[in-house]
Amino acid sequence: IAYLLDKQTVRVQDLFSGASETINHDSNVDWLELNGRGNLLLFRDRSRHLHLYDVDVQTRTTLLDYCTYVQWVPGSDVVVAQNRSNLCVWYNVHSPDNVTIHEMKVDVMEIERGDGKTQVIVDEGVNTVSYELYEGLIAFGTAMDDNDLDAAMDILDTLPSSEEADAMWKQLSDLALMENKLAIAERCAAALGDVAR
């Protein structure tokens, strides 16, 4: 659970263990939301800066300036945000520099997820239009959160090479090595072109 103690102080509390974390910020916070697992907190301040706080490692990262809309994709750790004329999607919030940017001059209304696809609904004035997100990248994050490394590897095998995919191969490689799953780590190294590993 996350809540504001006052306009510049956020408290994140684990209801199971009773542990709590206090985050002080130099500007008033006007929006905050935890991910489904309760280990990542998004919050936006009155200056419209969007921040990500990782509860597990207690680090804060600024994701975006002048954020007008932000939301977690339902059932995932994927972030969708808008600033001025850009729609920004972080398929892997653990690599905040790897953001997918789509130019658009309309306002995001909501995110809908169902029937195997995720869509960002935007308001074009007279009507609404939907932009589809890449479900494979969203599914990868879910597989990683479930610690299903085989499923995560299978998902990455279907993706074209990109900066986002490379960051995910690296994330999977690190976790596979930690868990001593060497066949998966070897496949990740091959995908990244890391011959030495």
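Please refer to the structure higher up on the page.
Going along each chain's sequence as written, the residues are numbered from 1 onward. Only residues with pLDDT of at least 70 are given local features in this predicted model, and only at 80 or more are side-chain atom pairs given and counted; all residues enter the totals for whole chains, interfaces and linings. As a rule here, side-chain values come from all non-hydrogen atoms in the structure, and water together with hydrogens is ignored.

(A) Structural view of the nonpolar core. Side-chain atoms within 4.5 Å link the members of a nonpolar core, which is a set of buried Ala, Val, Leu, Ile, Met, Phe, Trp, Tyr and Cys residues. Burial status follows relative accessibility: with a 1.4 Å probe on protein chains alone, a residue under 20% of its type maximum counts as buried, one over 50% as exposed, and anything between as partly exposed. Counting 33 residues, the largest nonpolar core has Val80, Tyr91, Leu133, Phe140 and Leu172 as its most contacted members. Helix and strand definitions here come from DSSP, where helices need a minimum of 4 consecutive H or I residues and strands a minimum of 2 consecutive E residues; each element is numbered from the N-terminal end. Every element with two or more residues in this core is listed here: β10 (86-90), β12 (107-114), β13 (117-123), α1 (135-145), α2 (149-157), α3 (163-178) and α4 (182-192). We call two residues in contact whenever any of their non-hydrogen atoms come within 4.5 Å of each other. When neighbours within four sequence positions are excluded, Leu172 is seen to be in contact with Phe140, Met144, Leu149, Ala152, Met153, Leu156, Ile184 and Cys188. Core analysis: the second largest hydrophobic core is formed by 15 residues, Leu50, Trp72, Ala81 and Cys88 among them.

(B) Highlighting the sheet that holds strand β7 (residues 59-64). Two strands pair under a simple rule: DSSP has to find at least two bridges between them. Within the open sheet, the 4 strands sit side by side as β4-β5-β6-β7. Their pairing is antiparallel. Of all the strands in the sheet, just β4 (29-34) and β7 have a single pairing partner and so form its edges. Averaged over all pairs of adjacent strands, the angle between strand axes in this sheet comes to 25°, irrespective of strand direction. Of the pairings in the sheet, the one linking strand β5 (residues 40-45) to strand β6 (residues 50-54) comprises 5 bridges and is antiparallel in character. The residue bridging Leu40 from the neighbouring strand is Asp54, located in β6. Lines fitted to the C-alpha atoms define the axes, with helices restricted to the stretch that makes contact. Angles between their N-to-C directions range from 0 to 180 degrees.

(C) Representation of α3. Multiplying one less than the number of residues by 1.5 Å gives the expected span of a helix. Over its 16 residues, α3 runs 23 Å from end to end, which matches the ideal 22 Å to within 8%, given 1.5 Å per residue. Those residues of α3 not exposed but buried are Glu164, Ala165, Ala167, Met168, Trp169, Leu172, Ser173, Leu175 and Ala176. What qualifies as a polar contact is a pair of N or O atoms within 3.5 Å, subject to a donor-acceptor requirement within protein and to the restriction that residues adjacent in sequence count only when both atoms come from side chains. The opening residue of α3 is Ser162, an N-cap whose side-chain oxygen sits 3.1 Å from the backbone nitrogen of Ala165. One or two positions beyond α3, positive phi appears at Asn180, with a value near 60°.

(D) Main features of the side chain of Gln119. Assignment of secondary structure puts Gln119 in strand β13. Sequence-distant contacts of Gln119, that is, excluding residues within four places in its chain, are made with Glu110, Ile111, Glu112, Ser130, Tyr131 and Glu132.

(E) Broad picture of the pattern of salt bridges. The salt bridge criterion pairs a side-chain nitrogen of Lys or Arg with a carboxyl oxygen of Asp or Glu, the two atoms within 4 Å. Using the criterion set out here, one finds 7 salt bridges in the structure. Across the pair Arg44 and Asp30 runs a salt bridge whose closest N-O atoms are separated by 3.2 Å. Pair noted here: Arg44 is in strand β5 and Asp30 is in strand β4, with a separation of 14 residues, a long-range link. By relative accessible area, which is 11% here, Arg44 ends up buried.

(F) Spotlight on the sheet that holds β12. Across the sheet, which stays open at both edges, the 3 strands sit in the order β12-β13-β14 with antiparallel pairing between neighbours. On the outer flanks of this sheet lie β12 and β14 (128-133), each paired with one strand and no other. Averaged over all pairs of adjacent strands, the angle between their axes in this sheet comes to 25°, without regard to strand direction. Inspection of the sheet shows β12 paired to β13 by 7 bridges, in the antiparallel sense. In the strand pairing of β13, Asp107 is matched with Asp123. Taken strand by strand, α1 contacts β12, β13 and β14, and its axis lies near 120° from that of β13.

(G) Main features of unusual backbone geometry. One non-glycine residue, Gln58, adopts positive backbone phi at about 55°. Considering the arrangement of structural elements, one finds Gln58 in the loop between β6 and β7. Overall, Gln58 belongs to the partly exposed group, its relative accessible area being 48%.

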